[in-house]
Amino acid sequence: MTTRLADIAAQAGVSEATVSRVLNGKPGVAATTRQSVLAALDVLGYERPVRLRQRSAGLVGLITPELENPIFPALAQVIGQALTRQGYTPVLATQTPGGSTEDELTEMLVDRGVAGIIYVSGLHADTTADMQRYEQLRAQGVPFVLVDGFSPKVQAPFISPDDRAAMTLAVTHLVSLGHTRVGLALGPKRFVPVQRKIEGFVRAVQEQLGLNPETIESDLVQHSLYTLEGGQAATTALIDRGCTAIVCASDMMALGAIRAARQRGLAVPQDISVVGFDDSPLIAFTDPPLTTVRKPVPAMGQAAVRTLLEEIGGTPAPHSEFVFMPELVVRGSTASAPGDRNRP
């Protein structure tokens, strides 16, 4: 027991006496100190004493489209931690090919009496989907928040990154490096974030390179799937059209873009520059380290939880969209355009 107390005290940065007071439920310990000791217990793998186990304020559902793209687990972790700090228990429900649909997962969560639901990149982002499902959920009295995607037909709070600004950041960076033929690889056009990225990309290329909007969209924008293979296919098509730089709508697509370039015998970034989107975990350690537009995941996840808890508490947030600014993170996958090496 003494060894365990010492371990916990060292991990929490407090005295063994303080750890003992917390474990025995004694008063006179600051709330933040108490949380540090409980966190140390969790980190070291010790089970909390029964009397210290918080009763959950309720379950909150989190529905994501998949977990293969590391940006979704990253967002789920931020949301889960924020919910746990507020005494709620997150329930992660993930769609898988051939598995449960968003509607089935919603029904399962509602049947289990969740206090609310957070949707990430759900059907609300699909302009062809029937938005009536969300109004039915609202009629059932279940609060919800929608992340990544927007529909004027749904009366709910939305949390989004500024997709248009993201494209402006990427294009501006590549044009400053001397690239005059910049391509955009992204997912199916029916999704709101895709449409917004196209708008931002077309406007930035038009303003900075003077190209015709119709020409930009027909020649420099390539739709595919939000996967490594999708990025590879889209990039192959864009390379065939003479692009020396590729902006990708996800980091996974960007990894596919690098693979496509190498299959053509092109070096990244010497022959072709690649920019991703998300700044997923570990993406700084690829070869080369990926230049990307960082999605503000911590701010978006915390805002989603804060907004949902306001809804649950009976003080609904405005039925509008909260838009978060991304930032460009320059690493090793972008460089001066070929033939433009003497630029300062």
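Per an unreviewed UniProt entry, the protein is named LacI family transcriptional regulator, and its organism is Streptomyces asoensis.

**Examining the environment of Arg 331**
Note that Arg 331 resides in the segment after strand S12 (327–329). The class for Arg 331 is partly exposed, based on a relative accessible area of 21%. For the pair Arg 331 and Pro 288, spaced 43 residues apart in the sequence, the C-alpha separation amounts to 8.0 Å. In contact with Arg 331, other than residues within four places in its own chain, are Asp 279, Ile 283, Ala 284, Pro 289, Leu 290, Thr 291, Thr 292 and Arg 294. Engagement of the side chain of Arg 331 in a polar contact is seen with the side chain of Asp 279, the distance being 3.0 Å.

**Remarks on the sheet that holds strand S6 (residues 182–186)**
If you walk across this open sheet you meet the 6 strands as S7-S6-S8-S9-S10-S12, and the pairing is mixed. Sheet topology places strand S7 (221–223) and S12 at the edges, where each strand pairs with a single neighbour. Between one strand and the next, the sheet's axes are offset by a mean angle of 20°, whatever the strand orientation. Two strands pair when backbone bridges link them, and strand S10 (residues 291–294) and S12 are joined in this way by 3 bridges, in the antiparallel orientation. Its bridge partner being in S12, Val 293 is matched across the sheet by Leu 328. Across the sheet, helix H7 (residues 163–176) is in contact with S6, strand S8 (245–248), strand S9 (273–278), S10 and S12; its angle to S9 comes to roughly 160°.

**Focus on the pairing of strand S4 (residues 144–147)**
Of the two faces of S4, the one lined by Phe 144 and Leu 146 and the one lined by Val 145 and Val 147 are each fully buried. The pairing of strand S3 (residues 116–120) with S4 spans 4 bridges and is parallel. Pairing of Ile 117 across the sheet is with Phe 144, part of S4. Handedness of the crossover is the feature at issue here: the chain leaves S3, passes through helix H6 (residues 132–139), returns alongside S4, and the resulting connection is right-handed. Two strands pair when backbone bridges link them, and S4 and strand S5 (residues 158–161) are joined in this way by 2 bridges, in the parallel orientation.

**A short note on the nonpolar core**
Leu 184, Phe 201, Cys 248 and Val 274 are the most contacted members of the largest nonpolar core, which totals 43 residues. Of all the elements in the fold, those that place two or more residues in this core are H7, S6, helix H8 (192–209), helix H10 (228–240), S8, helix H11 (251–263) and S9. Those residues within four positions of Cys 248 in sequence are excluded, and the remaining contacts are Ala 185, Met 253, Ala 254, Ala 257, Val 274, Val 275, Gly 276 and Phe 277. Of all hydrophobic cores here, the second largest spans 24 residues; its members include Leu 62, Val 145, Ala 303 and Val 305.

**A closer look at the pattern of salt bridges**
Applying the stated criterion to the full structure yields 12 salt bridges. One salt bridge connects Lys 295 with Asp 148, and the closest N-O pair in it is separated by 2.5 Å. In this pair, Lys 295 is assigned in the loop between S10 and helix H12 (297–312) and Asp 148 in the loop between S4 and S5, connecting sequence segments 147 residues apart. Like Asp 148, Lys 295 is buried.

**A short note on the packing of helix H5 (residues 102–111) against H6**
Between H5 and H6, the least distance of the axes is 12 Å, while the angle of their chain directions is 5°. When the interaxial angle is binned, H5 and H6 end up roughly parallel. Residues Glu 102, Asp 103, Thr 106 and Val 110 of H5 touch H6, and the partners they reach there are Arg 133, Tyr 134 and Leu 137. For the contact of H5 with H6, a count of residues per class yields 3 nonpolar, 1 polar and 3 charged.

The rules behind each value
Residues numbered from 1 in each chain as written. Predicted model: local features only at pLDDT ≥ 70, side-chain atom pairs only at ≥ 80, totals over all residues. Heavy atoms only, no water. Helix = DSSP H or I, 4+ residues; strand = E, 2+ residues; numbered from the N terminus. Buried < 20%, exposed > 50% of the residue type's maximum accessible area, 1.4 Å probe, protein only. Contact = heavy atoms within 4.5 Å. Polar contact = N/O pair within 3.5 Å; in protein donor to acceptor, adjacent residues only side chain to side chain. Pairing = 2+ DSSP bridges. Axes fitted to C-alpha atoms, helices over the stretch in contact; angles between N-to-C directions. Right-handed = clockwise from strand over helix to strand, strands pointing away. Core = buried A, V, L, I, M, F, W, Y, C linked by side-chain atoms within 4.5 Å. Salt bridge = Lys/Arg side-chain N within 4 Å of Asp/Glu carboxyl O. Parallel < 35°, antiparallel > 145°, perpendicular 65-115°, else oblique. Nonpolar A, V, L, I, M, F, W, Y, C, P; charged D, E, K, R; others polar.

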